[in-house]
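Here's the letter readout for the chains.
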Amino acid sequence: MINFLEFVVFILFCLYVLKDAISYGIYEYKNENKFGGVSVIVFSLFSVILSVVALCIS
């Protein structure tokens, strides 16, 4: 079981990664790669949400 401080650090790291991934997805979307930009954004959202859910369950 993890403690509260580890959980907060993990959430902050996930939010940082999500911000970078969404920024890159927007960059790709604006530079004529619409499918790549949308897929990066969707994949990053699902991966962060599922990792937080998996951490909460365990």
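Residues numbered from 1 in each chain as written. Predicted model: local features only at pLDDT ≥ 70, side-chain atom pairs only at ≥ 80, totals over all residues. Heavy atoms only, no water.

1. Some words on unusual backbone geometry
Within the chain, Glu 32 stands out as a residue other than glycine whose phi angle is a positive 60°. Assignment of secondary structure puts Glu 32 in the loop between helix H1 (4-30) and helix H2 (34-57). (Helix = DSSP H or I, 4+ residues; strand = E, 2+ residues; numbered from the N terminus.)

2. Some words on a nonpolar patch on the surface
On the surface, a nonpolar cluster with roughly 470 Å² of combined accessible area is contributed by Tyr 29, Val 38, Val 42, Phe 46 and Leu 50. In terms of residue count, H2 provides more of the nonpolar patch than any other element does, four residues in total. Relative to the assigned elements, Leu 50 resides in helix H2. On the accessibility criterion, Leu 50 (56% relative accessible area) is exposed. (Patch = residues over 30% accessible without salt bridge, like charges linked within 9 Å, V, L, I, M, F, W, Y side chains within 5 Å. Areas by Shrake-Rupley, 256 points an atom, 1.4 Å probe, with all protein chains shown as cover. Salt bridge = Lys/Arg side-chain N within 4 Å of Asp/Glu carboxyl O. Buried < 20%, exposed > 50% of the residue type's maximum accessible area, 1.4 Å probe, protein only.)

3. Some thoughts on the environment of Ile 41
Position of Ile 41 relative to the elements: it lies in helix H2. Assessed through its relative accessible area of 22%, Ile 41 is described here as partly exposed. Through-space distance from the C-alpha of Ile 41 to that of Ala 54 is 20 Å; in sequence the pair is 13 residues apart. With residues up to four places along the chain from it excluded, the contact list for Ile 41 reads Ile 22, Gly 25 and Ile 26. (Contact = heavy atoms within 4.5 Å.)

4. With respect to H2
An ideal rise of 1.5 Å per residue puts 34 Å on 24 residues; H2 measures up with 35 Å between its terminal C-alpha atoms. On its buried face, H2 sits against H1. (Expected span 1.5 Å × (residues − 1).)

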